[in-house]
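Chain by chain, the residues:
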Amino acid sequence: SPDGLRSNVQGITAQRLPASAQLPAPDPAARAAAQTQIDQWLRQPIDSDIAVRIALLNNAGLQSRMAALGVMDAQRVQALTLPNPQLTLGRFAGGGERAIERQLGFSLLDLLTLPWRTRWQGLQIEQATLAAGQDVLRLAADTRRAWLRAVAAQQVLATHERMVEATEAGGELAARMARVGNWSRLQQARQMTVQQDAAAQLARARLAATLEREQLTRLMGLWGTQTQYSLVDQLPPLPAKAEALLSSKDIETTALRERLDVQALRRSLDAVADRQGWSGAGQVFGDIGVTYSRNTATETATGRSAVTRGWELDLPIPLFDWGG
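Residues numbered from 1 in each chain as written. Predicted model: local features only at pLDDT ≥ 70, side-chain atom pairs only at ≥ 80, totals over all residues. Heavy atoms only, no water.

**Thoughts on the overall build of the protein chain**
In plain terms, the rule: Think of it this way: any DSSP run of H or I at least four residues long counts as a helix, any run of E at least two long counts as a strand, and we number them from the N terminus. For this measure, only C-alpha atoms enter the radius of gyration; the expected value for a globule follows 2.2 Å times N^0.38, where N is the number of residues. Contact between two residues is taken to exist if any of their heavy atoms lie within 4.5 Å; hydrogens are not considered. The charge count includes Lys and Arg as positive and Asp and Glu as negative, but it does not include His or the ends of the chains. By convention, charge coordinates are those of NZ in Lys, CZ in Arg, CG in Asp, or CD in Glu.
Helix and strand counts for the protein chain stand at 10 helices and 4 strands. Reading the secondary structure of the protein chain in the N-to-C direction produces α-α-α-α-β-β-α-α-α-α-α-α-β-β. For 324 residues, the compact-globule estimate of 2.2 N^0.38 gives 20 Å, and the C-alpha radius of gyration of the protein chain, at 36 Å, exceeds that figure by more than 25%. Sequence-distant contacts, at least 24 apart, represent 73% of the contacts inside the protein chain between residues at least 6 apart. Both charge centroids of the protein chain, one from 35 positive and one from 32 negative side chains, sit 3 Å from each other.

**So, the pairing of strand 3 (residues 289–299)**
The test is simple: Strands are labelled as partners when DSSP assigns at least two bridges between them.
Sheet analysis places strand 2 (residues 97–107) next to strand 3, joined by 11 bridges and oriented antiparallel. Among the inter-strand pairings, Leu-104 is bridged to a residue of strand 3, identified as Tyr-292. Hairpin geometry of strand 3 and strand 4 (residues 305–314) is characterised by an intervening segment of 5 residues between the two adjacent antiparallel strands and by a positive phi of about 80 degrees at Gly-303.

**Thoughts on the pattern of salt bridges**
Inclusion rule: Throughout this description, the term salt bridge denotes a Lys or Arg side-chain nitrogen within 4 Å of a carboxyl oxygen of Asp or Glu. Per-residue accessibility, obtained with a 1.4 Å probe over protein chains only, is compared with the maximum for each type, and a residue is labelled buried under 20%, exposed over 50%, and partly exposed between these values.
Within this structure, the stated rule accounts for 11 salt bridges. Two residues, Arg-145 and Asp-142, come together in a salt bridge whose shortest N-O distance is 2.9 Å. Of this pair, Arg-145 and Asp-142 are both found in helix 6 (residues 114–179), 3 residues apart, which corresponds to roughly one turn of the helix. Under the relative-accessibility criterion, Asp-142 is labelled partly exposed at 28%. Sharing partners across several salt bridges, the network here consists of Arg-16, Arg-257 and Glu-258.

**Quick word on the layout of surface pockets**
Empty pockets left among the atoms are what a rolling probe the size of a water molecule brings to light. The cut-off we apply is this: Definitions used throughout: a 1 Å grid over protein atoms alone; a cavity as a set of points that fits a 1.4 Å probe which cannot get out; a pocket as an open set with protein on both sides within 12 Å along at least five of seven lines; a lining residue as one with an atom within 4 Å of a point. Grid points are joined across faces, edges and corners, and a volume is the space filled by probe spheres set on the points. Only Asp, Glu, Lys and Arg are considered charged, only Ala, Val, Leu, Ile, Met, Phe, Trp, Tyr, Cys and Pro nonpolar, and every remaining residue, Gly among them, polar.
Each pocket or cavity is described by its volume, and for the largest pocket that value is around 320 Å³. Together, 17 residues line the largest pocket, and Pro-24, Ala-25, Ala-30, Ala-34 and Leu-57 are the ones closest to its centre. With 7 residues, the top contributor of residues to the lining of the largest pocket is helix 2 (residues 28–42). For the lining of the largest pocket, a count of residues per class yields 9 nonpolar, 6 polar and 2 charged. Roughly 230 Å³ of volume is contained in the second largest pocket. Taken together, Arg-16, Leu-17, Gln-134, Leu-137, Ala-140, Ala-141, Arg-144, Glu-258, Arg-259 and Leu-260 make up the lining of the second largest pocket. Partitioning the lining of the second largest pocket into residue classes produces 5 nonpolar, 1 polar and 4 charged.

**Side note on helix 1 (residues 6–13)**
Here is the rule: Throughout, the arc means the angular range of directions from the helix axis out to the C-beta atoms.
Of all the residues in helix 1, the buried ones are Arg-6, Val-9, Gln-10 and Thr-13. Buried residues along helix 1 cover an arc of 100 degrees about the axis, so they all sit on one side.

**Description of the environment of Gln-86**
Mapped onto the secondary structure, Gln-86 falls in strand 1 (residues 86–94). With a relative accessible area of 59%, Gln-86 lands in the exposed category. Residues Gln-86 and Gln-103, 17 residues apart in the sequence, show an inter-C-alpha distance of 7.9 Å. In this structure, Gln-86 is in contact with Gln-103, Leu-104 and Gly-105, ignoring residues within four places of it in sequence.

**Considerations on the environment of Gln-228**
Here Gln-228 shows up in the loop between helix 7 (185–220) and helix 8 (242–246). Classification of Gln-228 as exposed rests on a relative accessible area of 66%. In the structure, Gln-228 is positioned 11 residues away from Thr-217 in sequence and 9.8 Å away in space, judged by C-alpha atoms.

**Things to note about helix 3 (residues 48–58)**
This is how the line gets drawn: Pairing of N or O atoms within 3.5 Å defines a polar contact, subject to two protein rules: one partner must be a possible hydrogen donor and the other a possible acceptor, and residues neighboring in sequence count only if both atoms are side-chain atoms.
Of all 11 residues in helix 3, 10 are buried, a share of seventy percent or more. Of the positions making up helix 3, those classed as buried are Ser-48, Ile-50, Ala-51, Val-52, Arg-53, Ile-54, Ala-55, Leu-56, Leu-57 and Asn-58. For helix 3, the N-terminal capping position is held by Asp-47, with its side-chain oxygen 3.4 Å away from the main-chain nitrogen of Asp-49.

**As for the pairing of strand 4**
Each regular strand displays side chains that alternate between the two surfaces of the sheet. As paired strands, strand 3 and strand 4 are joined by 10 bridges and run antiparallel to one another. Its bridge partner being in strand 4, Tyr-292 is matched across the sheet by Trp-311.

**A short note on the sheet that holds strand 1**
Let me state the cut-off plainly: A fitted line through C-alpha atoms serves as each axis, taken over the contacting stretch for helices, and the angle formed by two N-to-C directions is quoted from 0 to 180°.
Spatially, 1-2-3-4 is the arrangement adopted by the 4 strands of the open sheet, whose pairing is antiparallel. Every other strand in the sheet has two partners, leaving strand 1 and strand 4 as the edge strands with one partner each. Each strand axis lies, on average, 15 degrees off the axis of its neighbour in the sheet, ignoring direction. Where strand 1 and strand 2 come together, 9 bridges link them in antiparallel fashion. Following the sheet pairing, Leu-89 is matched in strand 2 by Arg-102.

Have a look at this one:
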């Protein structure tokens, strides 16, 4: 496949990804264009769809997975290539005679099983494509989840910052009230406790926001100056039909039917069942070979030559090992 089966993966995942989301391309020009697009996206506040698009283009793990899929496709083509014949040459002399042997042979079993191997390789590639599609959807879901947690942590941090400002104002008021004698030292200490507790909660919220942002950054594959991006200020509203979806009785059936990893496991099971019969026959008979021979024998004294032609069939006899 010219694109390493990326178009196949794109086809089975397009309906479940944001609009215009693309997978990483192998050629340098497309990767440079993708980096330019990512830099443009990073200049604006990132929403969930943009985060998913950046992750699909820039995540190093997904790029490795797509490259491995292209390698499997190349191995499939290699496995379906006709086997190379073997040429054997020999020269023997003795007893007043010189003999030259020429043999051309190839594996008959590899040739006979080519249609079946084509089908098996197709099942394996389909399984690998579905598994890669599941990895794409998993990355998209993880990125969207990380974006939600990062934005939520950012909102929580902003709330705690306002709380600290309020408690600092309350602490200043308590100090003034205590100086003029309107508050006791106990009331002032209680206000200071509230202020210190708000400061501790702010530190925990700041740490949580940093951790969630780092997780999102890692999924999007950003580093260096690219990590100075900004997120939107608020989470999106909940879907209007969320309760109807959660209460559906067909969730399990839909999951078993739509999950790409389950479909990949089914393809793997089909391939194993289809190859089982040929696997048993291969254990018993091994490899079958066909050889064409053309031999020349020359008498050294007279120079007379005799040419013999024929063919040979190499067939193992299962006398001792039946593959049990």
